[in-house]
Every structure is written in C-alpha cells, then in structure tokens.
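Fold and geometry: a report
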Amino acid sequence: MAQNSKKINILLADDHHLVRDGIKSLLGKYNEFNVVGEGADGTAIIQILQTTETPIDLVLADINMPNMSGLELSAKIADQYPVTKVLMLSMLDHEKYVSQALQSGAKGYLLKSVNEEELVFAIKQVMSNSFYVCSELTHQLLTKSLFRTSGIKSKPGNGVKVDFTSREIEILELIAEGFTNLEIADKLFTSKRTVEGHRLQMIAKTGVRNTAALVKFCITNGVLNYV
C-alpha cells in the first residue's frame with residue numbers, strides 16, 4: 001500500500017503517443033505521482049518490468065493495443081508481478097469489458113472521458129487496495145437491471161440466491177459513486193446509522209469482506225444482467 005510520503009511509480013501503456021503525453025502532463029502536476037516509463041503495448045511494459053530496478057506500483061493501461069492487449073498485460077502482471085496494480089483506462093464503455101478487465105486482475109476501470117479529478121482519485125483508491133470503476137460506468141452498470149422494482153433476485157456464480165431490496169439498490173448505487181454514509185443518509189433523508197445497517201446487510205447477504213468487494217461482486221457475479 002502506497003504511503004503519503006512515498007511517490008507512486010507509474011507506467012503508461014497506450015498505443016497513442018499523444019494520449020501518453022497528455023496523461024504524463026496531467027500527472028506531472030502532482031508531487032505524489034512519478035511516471036517512470038511508458039510503452040505502446042503490453043510487451044513493452046513487461047520488458048520494463050523485467051529490467052527496471054524501480055519498484056512499479058501502478059500500470060495505467062488501455063485495453064486495445066497491438067501485440068499484447070491490456071487484458072493480456074493485466075493477467076501477466078497479476079501472475080508475475082502481484083504487487084503491481086493495473087488500472088484500465090479505455091474508450092470501451094460496454095459492461096463486458098469491465099467484467100473482462102476485473103477477471104484479468106485489474107483493480108479498476110476508467111473511461112478516457114473521465115476528468116482529472118476522478119483520474120487522480122481512482123489512482124489513490126486503487127493504491128489504497130480499493131477497487132474502482134468510474135462513476136459513469138458504475139451508474140450504467142448498477143441501473144442496467146430492473147432496480148426500481150420492489151426487489152432484485154439473482155443467482156451468482158456460487159449458486160446462492162441474493163435478494164436486494166429497492167432501498168438497498170439505491171444505497172448500492174450511491175456507494176458505487178463514492179458517497180459516504182453521511183452523504184447517502186442526507187440524499188435519502190434517513191440516518192447514517194440506517195445506511196450503515198443496509199451496507200452491512202448487503203455485505204452479509206453476499207458473503208464478501210468489505211464495501212469495495214460488494215461493488216465488485218455486483219458487477220462480476222450475476223447481480224447485474226449484462227446485455
């Protein structure tokens with residue numbers, strides 16, 4: 001886990017030179033970030049990881065790249081360099097790519113349309129061992145199914161039926177967008193304690209360990225119906 005006193009060493013993987021330059025320029029404004037290398041495909045990034053003496057904390061990778069895609073790169077890093085985290089930065093906004101990225105070992109997924117503030121926030125979230133999907137996609141994913149009915153029933157991969165109430169879904173949407181318990185309580189005109197109770201109930205229902213895992217569960221384990 002990155003500490004505040006330690007710079008986050010980052011590699012950029014994107015086959016568009018202008019995109020890499022733009023990200024480097026943006027991250028260069030922040031003292032806590034250090035872009036130490038870049039490559040036009042996954043193969044170049046693996047070569048850097050194999051030869052550099054600098055510990056790499058994070059790889060920002062596009063999905064569509066020649067020679068070795070971002071998904072292949074993510075899987076190799078998860079297998080060979082488990083300390084290094086991967087955050088996908090892509091133009092692809094379909095749910096299947098988010099699912100594929102997470103299954104490959106990536107810790108987050110951003111659209112290239114995100115603003116500077118969200119990019120910085122996502123990097124910090126991933127480096128604090130949290131899971132992050134950009135707000136535009138989380139809203140799309142969590143509202144894809146019939147979330148405004150009296151409840152939602154699904155069977156995740158382990159075969160256990162999970163039932164979420166409409167209020168739990170409302171809270172889940174806001175959690176995924178990064179709101180705190182107090183902010184959610186204000187939006188839903190209820191108490192912070194009630195929101196925390198719903199959060200803990202959803203964690204208990206799904207059998208996951210924490211809130212980040214709850215959101216990941218809902219994306220990857222059948223709570224959402226992909227089309």
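Rules used in this analysis
Throughout, a residue's number is its position along its own chain's written sequence, starting from 1. The predicted nature of this model means local features are confined to residues of pLDDT at least 70 and side-chain atom pairs, given and counted, to a pLDDT of 80 or more, with totals for whole chains, interfaces and linings taken over all residues. Side-chain measures here rest on the full set of heavy atoms in the structure, leaving out hydrogens and waters. Scored from 0 to 100, pLDDT reflects the predictor's confidence in each residue. Only DSSP runs of H or I reaching four residues or more are called helices, and only runs of E reaching two or more are called strands; each is numbered from the N terminus. Residues are treated as being in contact if the distance between any of their heavy atoms lies within 4.5 Å. Pairs of strands are assigned from DSSP output, requiring at least two bridges between the strands. A fitted line through C-alpha atoms represents every axis, and for helices the fit uses only the stretch in contact; the resulting angles, taken between N-to-C directions, go from 0 to 180 degrees. The rule for a salt bridge is simple: a side-chain nitrogen of Lys or Arg has to be within 4 Å of a carboxyl oxygen of Asp or Glu. Distance and chemistry together define a polar contact, namely a pair of N or O atoms within 3.5 Å, with one atom able to donate a hydrogen and the other to accept it when in protein, and with adjacent residues in sequence counting only for side-chain atoms on both sides. Buried, partly exposed and exposed residues are distinguished by accessible area as a fraction of the type maximum, computed with a 1.4 Å probe on protein chains only: under 20%, between the cut-offs, and over 50%, respectively. Picture the helix axis, draw a direction to every C-beta atom, and the arc is the one those directions span.

Segments scoring low in pLDDT should not have their predicted coordinates read at a detailed level. Scored by pLDDT, the protein chain has a mean of 83; 85% of the residues are at 70 or more. Per-element confidence in the protein chain is highest for strand E3 (residues 58-61), whose mean pLDDT is 98, and lowest for strand E7 (residues 151-154), whose mean pLDDT is 45. Segment residues 145-159 is flagged for pLDDT under 50; beyond a separation of four residues in sequence, or across chains, it makes 39 contacts in the model.

Pairing is parallel in the open sheet, where six strands are placed in the order E2-E1-E3-E4-E5-E6. Among the strands making up the open sheet, the edge pair consists of strand E2 (33-39) and strand E6 (132-133). The sheet strands contacting helix H4 (residues 95-104) are strand E4 (85-90), strand E5 (108-111) and E6, and the helix crosses E5 at an angle near 145°.

A few words on the pattern of salt bridges. One side chain can pair with another of opposite charge once the charged atoms of both are near each other. Within the structure shown, the criterion is met by 11 salt bridges. Taking the shortest distance from any N to any O, the salt bridge between Lys112 and Asp62 comes out at 3.2 Å. Of the two residues, Lys112 is situated in the loop between E5 and helix H5 (116-127) and Asp62 in the loop between E3 and helix H3 (70-80); the sequence distance between them amounts to 50 residues. With a closest N to O distance of 3.5 Å, Arg199 and Glu196 form a salt bridge. With Arg199 and Glu196 both in helix H9 (residues 192-206) and three residues apart, this pair spans about one turn of that helix. The network of salt bridges with shared partners includes Arg20, Asp21, Lys24 and Glu38.

Its place among the elements puts Lys205 in helix H9. Sequence separation between Lys205 and Val162 is 43 residues, and the spatial gap between their C-alpha atoms is 6.5 Å. Beyond its immediate chain neighbours, meaning those up to four positions away, Lys205 contacts Val162, Asp163, Phe164 and Glu168. In this structure the side chain of Lys205 is engaged in a polar contact, spanning 2.8 Å, whose partner is the side chain of Glu168.

Gly42, Ile45, Ile46, Ile48 and Leu49 are the residues of helix H2 (residues 42-51) that are buried. Buried residues in H2, looked at end-on, bunch into an arc of 155°, giving them a common side. In this structure, H2 carries Gln50 and Thr51 as exposed residues pointing more than 90 degrees from its buried face. In the core, the buried residues of H2 are packed alongside strand E1 (8-13), E2, E3 and H3. By the N-cap criterion, in which a side-chain oxygen at the helix start approaches the backbone nitrogen of a residue two or three places on, H2 is capped by Asp41, the distance to Thr43 being 3.0 Å.

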